[in-house]
Amino acid sequence: MLKTRYTIAYVALMTLVVVASNFLVQFPLNAEVAGINLADILTWGAFSYPIAFLITDLTNRQFGPQAARKVVFAGFVVGVTLSFFTSAPRIAIASGSAYLAGQLLDIAVFNRLRRQAWWRAPLVGSLIGSALDTVMFFSLSFAAFFVFLGPNDPFALEAAPVLGVFATEAPRWISWAIGDFAVKMIVGLVMLLPYGALMNVLRPMQAARAN
């Protein structure tokens, strides 16, 4: 009964994060750092989405990988449904595929490292999962090779200075991907604070420790 209640709570939190991220992705981050116009490469959704890894890791810590996968699949259903209503089919496919692959990789890495230093499993799992998520989403969404998923976006494929400041040019979506992953790394580090604070509250159940 306790596991069911907590799992429902984790599913609700994951759903909230997915819904919030789908909403916040509409709003560019109007700021400038080191000459980089962040509005050109980032939206507020980049800051809320990595919280999904915290939810997955807390579920995995407390109840093990099987429960964590249930929470991830619930978020997948919500995310794909919202994406198909609010985005082009290609973006929806990319978003759902990247989310699922990134979260499942995070679960696998976390489970491998769960008996090591307390910070290693959530940090390494989220960073590796985020890297896969970023590569899959931006490649499937914008790389010309994946045109079979839907029409290419000419603006995304235009050559432009990387991050708007470097001499090297690349398709715009490369800068978007770099900016997105940089934020995920920063948020991943910040999320160690709530994870560490909750460690003594959300203790692993026997089944989780045995996995």
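Since we're looking at a predicted model, the values are computed, not measured. (Residues numbered from 1 in each chain as written. Predicted model: local features only at pLDDT ≥ 70, side-chain atom pairs only at ≥ 80, totals over all residues. Heavy atoms only, no water.)

### Examining the packing of helix α3 (residues 51-63) against helix α4 (residues 65-86)
- The interhelical angle for the contact between α3 and α4, taken along N-to-C directions, is 150°, at an axis separation of 7 Å. Of the possible angle classes, the one that applies to α3 and α4 is roughly antiparallel. The handedness of the crossing between α3 and α4 is right-handed. Residues I55, T56, T59, N60 and F63 of α3 form the contact with α4, whose own contacting residues are P65, A67, A68, V71 and V72.
- In terms of residue class, the contact of α3 with α4 is made up of 7 nonpolar, 3 polar and no charged. (Axes fitted to C-alpha atoms, helices over the stretch in contact; angles between N-to-C directions. Helix = DSSP H or I, 4+ residues; strand = E, 2+ residues; numbered from the N terminus. Parallel < 35°, antiparallel > 145°, perpendicular 65-115°, else oblique. Left-handed = near helix turned anticlockwise from the far one by under 90°. Contact = heavy atoms within 4.5 Å. Nonpolar A, V, L, I, M, F, W, Y, C, P; charged D, E, K, R; others polar.)

### Here's the deal with a nonpolar patch on the surface
- A grouping of F23, F27, W44 and F47 is seen on the molecular surface, where their side chains present a nonpolar patch of about 390 Å² in accessible area.
- Structurally, W44 is set in the loop between β2 (36-37) and α2 (45-48). (Patch = residues over 30% accessible without salt bridge, like charges linked within 9 Å, V, L, I, M, F, W, Y side chains within 5 Å. Areas by Shrake-Rupley, 256 points an atom, 1.4 Å probe, with all protein chains shown as cover. Salt bridge = Lys/Arg side-chain N within 4 Å of Asp/Glu carboxyl O.)

### Re the UniProt feature "transmembrane region" (unreviewed entry) in the protein chain
- The positions UniProt marks with the feature "transmembrane region" (unreviewed entry) are residues 7-27, 33-55, 67-85, 91-111, 123-149 and 181-202.
- The straight-line gap between the two end C-alpha atoms of residues 7-27 is 31 Å; of that span, 86% is helix and 0% is strand.
- Between the first and last C-alpha atoms of residues 91-111 the distance is 30 Å; the span itself is 100% helix and 0% strand. (UniProt positions renumbered as here; feature names shortened; annotations may be inferred.)

### Structural notes on the pattern of salt bridges
- Summed over all chains, the structure comprises 3 salt bridges.
- Two residues, K184 and D133, come together in a salt bridge whose shortest N-O distance is 2.7 Å. Of the two residues, K184 sits in helix α8 (residues 172-190) while D133 sits in helix α6 (residues 120-142), which places them 51 residues apart along the sequence.
- Judged by relative accessible area, which is 4%, D133 ranks as buried.
- In this structure, E158 and R172 form a salt bridge, with 3.1 Å as the shortest nitrogen-oxygen distance. Here E158 is found in the loop between α7 (154-157) and β3 (159-161), whereas its partner R172 is found in helix α8, with 14 residues between them in sequence.
- It is possible to trace a salt-bridge network through shared partners that takes in D133, D180 and K184. (Buried < 20%, exposed > 50% of the residue type's maximum accessible area, 1.4 Å probe, protein only.)

### Some thoughts on the side chain of K184
- We classify K184 as buried; its relative accessible area is 4%.
- There is a polar contact of 2.7 Å between the side chain of K184 and the side chain of D133.
- Apart from residues lying up to four places away in sequence, K184 is in contact with Y49, P50, L127, S130, D133 and T134. (Polar contact = N/O pair within 3.5 Å; in protein donor to acceptor, adjacent residues only side chain to side chain.)

### Focus on the confidence of the model for the protein chain
- Of all residues in the protein chain, 96% attain a pLDDT of 70 or more, and the chain-wide mean is 92.
- Here helix α10 (residues 206-210) is the element of the protein chain with the lowest mean pLDDT, 56, and α6 is the one with the highest, 97. (pLDDT = per-residue confidence, 0-100.)

### Some details on the environment of T4
- Considering the arrangement of structural elements, one finds T4 in helix α1 (residues 2-24).
- By relative accessible area, which is 45% here, T4 ends up partly exposed.
- Residues T4 and A67 lie 63 residues apart in sequence; the distance between their C-alpha atoms is 9.5 Å.

### Describing the environment of V19
- Note on placement: V19 falls in helix α1.
- Each C-alpha atom of the pair V19 and S139 lies 23 Å from the other, and the pair is 120 residues apart in sequence.
- Sequence-distant contacts of V19, that is, excluding residues within four places in its chain, are made with V78 and L82.

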